[in-house]
Amino acid sequence: DVKRLGGFENFIYEYEKDGKEFVIRYVHSHHRTFELVFAELEFIDYLAKNGANVSTVVHTIDKELLFKIPAQEGYYFSVCVFTKAKGTYVKKEQLNDGFFEMFGEAVGTLHRLTKSYHPKHKRYHFYEEDFIDMGKRSLGKEHQYVIDRSVEVVEKIKGYEQTIDSYGLIHTDLHFGNMYYDGSELTFFDFDDACYKHFISDIAIIIFYSFGMGPLTDTEIEDRTIQFLISFMKGYEKENHLDVLWFQRLNDYLMLRQVILFIVIYAAGEELINSPWGQNFIGKFEKRIKDNTPFFNIER
C-alpha cells in the first residue's frame, strides 16, 4: 500500500500503519549528505517539541531520526519517516485576511524558535549553496548575465547584518506546496532546503509564489502584497518582531529567488525548460533578471 508522492529532488512515498498516515523519504547522497539530512531532522524535531506546526519526524525503533542504506557506486540513501500533515493543500477560496494573519503567526513562531536553537549538526549558510557553480555548468554564454546577477545579489545580501533578530536557520521554501491546511491551522513540511538566511527571505518567498508567478500586473502585485502584509505581519508580530528596515530590502531577496529558479530550471534539462511552468517562468523573469528590474516599488 506504499504510494509514490513524487518529489523534485527526493523520492517520497506515503503509507498507512495502524490507522495513521506516514510519509517516507529517500534522500540520495549526491543531493544531501547524511549529516545535512540529520541537521534538517534535528531542526524539525526541535521545532515540533517547542510548539511549531510541522510534520514531525518519526524515530526508528532504536530512537534514531534516520538511517542509511547503500546505493550503487559508493552512494547511499538517507531514509526518514514523517507523520503526514493534517488537512490538504490550501485552496484559493480559503485565502482571506484571517488566513494570512494565522499564516503570519505560524511563520513568526518558526523564526522566534530558531533564535534559541543550538544544534549538534549544522546546516549551511545561504551563500554556501552551489547554485552559482550549477549555473556555470548549465547555462550558455547567452545567459552569462544570470551568473553575474547571481554573484552580485549574493554578495549584496551577504553584506547585510546577521544578528539574532534578523538571521538564523529558516525553512527558505515556504510556498503552498510545502504546507497543508486543515481549516484551522497550517502544518509546514519539506525542510530539505533549510539553511541559515535572513528571516525576511521566508516572507519574500511567500510573496513571490503567492503573487509573482501568476498573470498579475506589477501594480496588482503591489496591491495584493500590501493587503497580504497588513494581515500577515499582524499575526507574525504576535510571535516575533522584524525591523521595518528589512522590508526595504525585499527586492534583493526576490531577485535572489528569480536567479536561483532560473538556474535550477536549466540545470534540470529540456523537460522542465519546455514545460508550461518553465516557459511561464522564463517568459516572465528572463528580461527582468537581465535588466535588474525591481520586483515592486518598495516606497509604495
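Because the structure is predicted, anything quoted here is derived from the model rather than measured. (Residues numbered from 1 in each chain as written. Predicted model: local features only at pLDDT ≥ 70, side-chain atom pairs only at ≥ 80, totals over all residues. Heavy atoms only, no water.)

Visitor: I would appreciate a short explanation of the overall build of the chain in the present structure.
Guide: Helix and strand counts for the chain come out as nine helices and ten strands. Its C-alpha radius of gyration of 19 Å places the chain within 12% of the 19 Å reference for a compact globule of 300 residues. By principal-axis analysis of the C-alpha atoms, the chain measures approximately 55 × 45 × 35 Å. Surface accessibility of the chain: about 14900 Å² in total, with carbon and sulfur atoms responsible for 51%. Here the chain carries 35 positive and 47 negative side-chain charges, and the mean point of each set is 1 Å from the other. (Helix = DSSP H or I, 4+ residues; strand = E, 2+ residues; numbered from the N terminus. Rg over C-alpha atoms; globule rule 2.2 N^0.38 Å. Areas by Shrake-Rupley, 256 points an atom, 1.4 Å probe, with all protein chains shown as cover. Lys, Arg positive; Asp, Glu negative; His and termini not counted. Charge placed at Lys NZ, Arg CZ, Asp CG, Glu CD.)

Visitor: Explain the packing of aromatic side chains here, please?
Guide: Aromatic rings considered in pairs are described by the distance between their centres and by the relative angle of their planes. A full pass over the atoms with the stated rule returns 31 aromatic pairs. Considering the side-chain rings of Phe 100 and Phe 228, the 4.9 Å spacing of their centres and the 90° angle between planes classify their relative orientation as edge-to-face. With Phe 100 in helix α2 (residues 97–114) and Phe 228 in helix α6 (residues 218–239), the pair connects residues that are 128 residues apart, well separated along the chain. No difference in accessibility class separates Phe 100 from Phe 228, as the two residues are buried. When the ring of Phe 103 is compared with that of Phe 188, the centres are 6.3 Å apart and the planes differ by 35°; the resulting orientation is tilted. One end of the pair, Phe 103, is in helix α2; the other, Phe 188, is in strand β9 (residues 186–188), and 85 residues separate them in sequence. Judged by its relative accessible area of 0%, Phe 103 is buried. Note on Phe 188: relative accessible area 1%, which makes it buried. Three or more aromatic residues link up through ring pairs in this structure, and these residues are Phe 99, Phe 100, Phe 103, Phe 176, Tyr 181, Phe 188, Phe 211, Phe 228, Phe 232 and Tyr 236. Between the NZ or CZ atom of Lys 68 and the centre of the ring of Tyr 76, over which it lies, the distance is 4.5 Å. Geometry around Trp 246 places Arg 249 over its ring, the cationic atom sitting 4.6 Å from the centre. (Phe/Tyr/Trp six-rings, centres within 6.5 Å; stacked < 30°, edge-to-face > 60°. Buried < 20%, exposed > 50% of the residue type's maximum accessible area, 1.4 Å probe, protein only. Lys NZ or Arg CZ within 6 Å of the ring centre and 35° of its normal.)

Visitor: Explain the nonpolar core here, please?
Guide: The tendency in soluble globular proteins is for nonpolar side chains to be buried side by side. Residues Phe 103, Phe 188 and Ile 203 are the most contacted members of the largest nonpolar core, which totals 90 residues. Take this core: its biggest share by element is twelve residues, from helix α7 (residues 250–268). (Core = buried A, V, L, I, M, F, W, Y, C linked by side-chain atoms within 4.5 Å.)

Visitor: How do you make sense of the state of the cysteines when you look at a structure like this?
Guide: One way to say it: the disulfide is the covalent bond shared by the sulfur atoms of two cysteines. For the structure shown, the criterion picks out zero disulfides. Residue Cys 80 stays outside any disulfide, its sulfur separated by 18 Å from that of Cys 195, the closest cysteine. (Disulfide = S-S within 2.5 Å.)

Visitor: Would you explain the packing of helix α4 (residues 144–158) against α7 in this entry?
Guide: It is the contact of α4 with α7, at a shortest axis distance of 9 Å, that shows an interaxial angle of 140°. Judged by the sense of rotation from one axis to the other, the crossing of α4 with α7 is left-handed. Contacts between α4 and α7 involve Val 146, Arg 149, Ser 150, Val 153, Val 154, Lys 156 and Ile 157 from the former and Asp 252, Tyr 253, Met 255, Leu 256, Val 259, Phe 262 and Ile 263 from the latter. Of the residues that constitute the contact of α4 with α7, the class distribution is ten nonpolar, one polar and three charged. (Axes fitted to C-alpha atoms, helices over the stretch in contact; angles between N-to-C directions. Left-handed = near helix turned anticlockwise from the far one by under 90°. Contact = heavy atoms within 4.5 Å. Nonpolar A, V, L, I, M, F, W, Y, C, P; charged D, E, K, R; others polar.)

Visitor: Teacher, can you tell me more about the environment of Gly 214 here?
Guide: Along the chain, the position of Gly 214 falls in the loop between α5 (199–212) and α6. Here the alpha-carbon distance between Gly 214 and Phe 281, two residues 67 residues apart in the chain, equals 9.5 Å.

Visitor: Would you explain the pattern of salt bridges in this entry?
Guide: Side-chain pairing between opposite charges can occur once the charged atoms of the two side chains come close. Applying the stated criterion across every chain yields a total of 21 salt bridges. In this structure, Lys 115 and Asp 165 form a salt bridge, with 3.1 Å as the shortest nitrogen-oxygen distance. Here the residue Lys 115 occupies a position in the loop between α2 and α3 (131–138), and Asp 165 occupies one in the loop between α4 and β7 (167–170), the gap between them amounting to 50 residues. Looking at Lys 115, the relative accessible area reads 23%, which means it is partly exposed. Accessibility expressed as a relative area gives 43% for Asp 165, which makes it partly exposed. Where Arg 149 meets Glu 152, a salt bridge forms, and the shortest distance between an N and an O atom there is 3.1 Å. Taken as a pair, Arg 149 and Glu 152 lie in helix α4 at a separation of three residues, close to a single helical turn. Note on Glu 152: relative accessible area 41%, which makes it partly exposed. Beyond isolated ion pairs, a larger network of salt bridges with shared partners links Glu 101, Glu 105, Lys 234 and Lys 238. (Salt bridge = Lys/Arg side-chain N within 4 Å of Asp/Glu carboxyl O.)

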